[in-house]
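Summary of the model geometry
One-letter residues, chain by chain:
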Amino acid sequence: MARVVGVAGVLLLLQLASLFTGTAFADAVLGRKAAGVLEEPTVNAAAGPGRYAVIFDAGSTGSRVHVFRFDKKMDLVGIGDDIEFFAKVKPGLSSYAGHPQEAANSILPLLEKAKSVVPWWLMKRTPLKLGATAGLRLIGDEKADQILEAVRDLVHTKSRFQYNPKWINVLEGSQEGSYLWVWLICMGGGSVQMAYAISSDVAANAPIVPDGKDPYVTKEYLKGRDYNVYAHSYLHFGAYAARVEILKAKDGPFSFCMLRGFSGKYTYNGEQYDATAPSEGAIYDKCREEITKALNLHAPCETKNCSFNGVWNGGGGAGQDNLYVASSFYYMASHVGIIDSTAPSAKATPAAFGAAAEKACQFSVEEAKAAYPTMRATFFFFLPPNACY
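Residues numbered from 1 in each chain as written. Predicted model: local features only at pLDDT ≥ 70, side-chain atom pairs only at ≥ 80, totals over all residues. Heavy atoms only, no water.

Describing empty space enclosed by the protein
Going through the model one piece at a time under the given rule, you end up with one cavity of 30 Å³ or more. One number sums up the size of the largest cavity: a volume of about 30 Å³. If you trace the largest cavity, you find it lined by Arg243, Ile246, Leu247, Ser255, Cys257, Met258, Phe382 and Pro385. (1 Å grid on protein atoms, 1.4 Å probe; cavity = no way out; pocket = protein on both sides within 12 Å on 5 of 7 lines; lining within 4 Å. Points joined across faces, edges and corners; volume = space filled by probe spheres on them.)

Rendered as structure tokens:
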């Protein structure tokens with residue numbers, strides 16, 4: 001049984017731990033669960049005294065801002081009716097590759113919203129941090145650095161928040177995963193992260209990675225204990241990027257993962273890929289075959305345990321007793337009716353996703369639009385591969 005959560009709140013809250021000090025703060029945040037907010041709350045929603053922190057989550061599909069408020073004990077205090085203030089914009093920063101100022105300007109509305117929540121007299125004491133994920137890693141260091149520099153300049157000149165250039169950066173794959181380690185699988189647009197605590201014996205025997213690659217194991221100290229955390233970010237296997245891998249895996253001109261009646265191209269990172277459906281439309285078993293090929297499940301495994309594409313899976317153990325899945329897992333589950341879309345979290349099973357994929361494969365594009373009215377138009381075409389994947 002997996003618990004589906006709307007926002008990778010653990011990641012964001014633990015990022016705050018690097019900005020504030022004190023064991024009491026670490027103890028407080030670990031016991032809380034951030035809500036999966038899908039609609040924007042009202043700006044200036046009952047903001048009040050206390051201490052604040054502003055976190056920008058710059059993902060591959062969009063940018064999001066989270067504002068948190070704390071009391072004197074550094075325990076989370078609600079803002080309005082929610083545990084946080086949340087807002088988002090699309091597309092993500094990586095969509096502006098080669099146009100750094102446009103990228104920075106895209107988050108200005110979020111910055112303005114954050115400024116409207118935090119009392120002006122507390123802004124200089126309120127740290128602002130931005131963590132970019134797979135989207136910027138995919139466009140290359142030069143273009144990513146240009147965008148980050150433009151964002152740093154925007155934050156520095158357009159706000160009075162506590163500012164440090166080092167707080168605006170690209171999260172490494174292992175860093176992105178290591179904040180999510182209660183066996184959590186978080187699927188973004190460009191990558192998917194898996195992280196969980198492993199034993200010291202397993203950590204000591206972790207595979208050695210080549211120079212320049214992220215290590216499989218990181219050390220974390222939380223709630224008075226040391227933990228060895230397996231963390232890996234599978235670049236190119238997020239919800240949007242995986243569509244490319246699936247389309248590249250098709251055998252012939254048609255993809256058996258596309259809905260009946262669709263003929264066209266899929267554009268990702270400036271490249272186009274043929275995404276035409278066969279006349280009979282999506283076929284569940286054949287779609288699974290294409291996805292299995294894309295995952296490269298039969299890649300050489302140099303260690304005892306691999307997940308896919310020849311990557312060590314951490315060896316398993318008690319850290320996998322409870323599985324949390326987030327981001328694209330949540331959105332897909334809520335759109336197709338596996339879980340209540342108004343709930344911040346819920347329980348689901350892999351079989352439920354499989355059943356949803358089998359059902360979706362039977363639809364044409366128009367039938368899918370009628371069956372799933374809350375889903376964005378661009379999602380309909382890729383409903384079978386997303387649900388099946």
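Read on for the rest.
Focus on the state of the cysteines
Enumeration according to the criterion identifies two disulfides in this entry. Here Cys257 connects covalently by a disulfide to Cys287, the sulfurs 2.1 Å from one another. Sign of the S-S torsion, about 105° for the bond between Cys257 and Cys287, identifies this disulfide as right-handed. You can see Cys257 sitting in the loop between α9 (239-248) and β12 (265-268) and its partner Cys287 sitting in helix α10 (residues 284-295), a full 30 residues away along the chain. Look at Cys257 and you get buried, because its relative accessible area is 1%. (Disulfide = S-S within 2.5 Å. Helix = DSSP H or I, 4+ residues; strand = E, 2+ residues; numbered from the N terminus. Buried < 20%, exposed > 50% of the residue type's maximum accessible area, 1.4 Å probe, protein only.)

Quick look at the nonpolar core
Counting residues in each nonpolar core, the largest one holds 56 residues, and the members touching the most others are Tyr230, Tyr234, Tyr266 and Leu383. With six residues, α9 is the largest single contributor of residues to this core. In contact with Tyr234, not counting residues within four places along its chain, are Gly190, Ser191, Val192, Met194, Ser307, Phe308, Val311 and Trp312. Counting 36 residues, the second largest nonpolar core, distinct from the first, contains Val54, Val89, Met123 and Leu148. (Core = buried A, V, L, I, M, F, W, Y, C linked by side-chain atoms within 4.5 Å. Contact = heavy atoms within 4.5 Å.)

Side note on the pairing of strand β9 (residues 191-198)
A regular strand places its side chains so that they alternate between the two faces of the sheet. Of all the eight residues making up β9, eight are buried; the element is thus mostly covered by neighbouring parts of the structure. Where burial is concerned, the two faces of β9 agree: the one with Ser191, Gln193, Ala195 and Ala197 and the one with Val192, Met194, Tyr196 and Ile198 are both buried. Summarising the sheet, β9 and strand β11 (residues 225-235) pair through eight bridges and their orientation is antiparallel. For Tyr196, the partnering residue across the bridge sits in β11 and is Tyr230. (Pairing = 2+ DSSP bridges.)

A word on the confidence of the model for the protein
Of all residues in the protein, 78% attain a pLDDT of 70 or more, and the chain-wide mean is 78. Taken together, the stretch residues 21-47 has pLDDT below 50 and engages in 56 contacts with residues farther than four places along the chain or on a different chain. This stretch, residues 176-182, has a pLDDT under 50; its non-local contacts, to residues over four places away or in other chains, come to 36 contacts. (pLDDT = per-residue confidence, 0-100.)

Focus on the pattern of salt bridges
What the rule picks out here adds up to six salt bridges. Salt-bridge contacts for Lys248 lead to Glu245; the nearest nitrogen and oxygen are separated by 3.8 Å. With Lys248 and Glu245 both in helix α9, this residue pair falls three residues apart, about one helical turn. Ionic pairing is found between Lys369 and Glu366, a salt bridge with its closest N-O pair at 3.7 Å. (Salt bridge = Lys/Arg side-chain N within 4 Å of Asp/Glu carboxyl O.)

Quick word on α9
For an α-helix, 3.6 residues make a turn, and residues three or four places apart therefore share a direction. The element α9 is extensively covered by neighbouring structure, given that nine of its ten residues are classed as buried. Those residues of α9 not exposed but buried are Ala239, Tyr240, Ala241, Ala242, Arg243, Val244, Glu245, Ile246 and Leu247.

Structural notes on α10
Under the 1.5 Å per step criterion, the end-to-end length of α10 is 16 Å for twelve residues, consistent within 8% with the ideal 16 Å. Among the residues of α10, Tyr284, Cys287, Glu290, Ile291, Ala294 and Leu295 are the ones counted as buried. Mapping the buried residues of α10 onto a view down its axis gives an arc of 135°, with all of them on the same face. Facing away from the buried surface of α10 by more than 90 degrees, the exposed residues are Asp285, Glu289 and Lys293. For α10, the elements touching its buried residues are α9, α12 (350-361) and α15 (383-388). Trailing α10 by a residue or two, Asn296 shows a phi angle of about 55°, which is positive. (Expected span 1.5 Å × (residues − 1). Arc of directions from axis to C-beta.)

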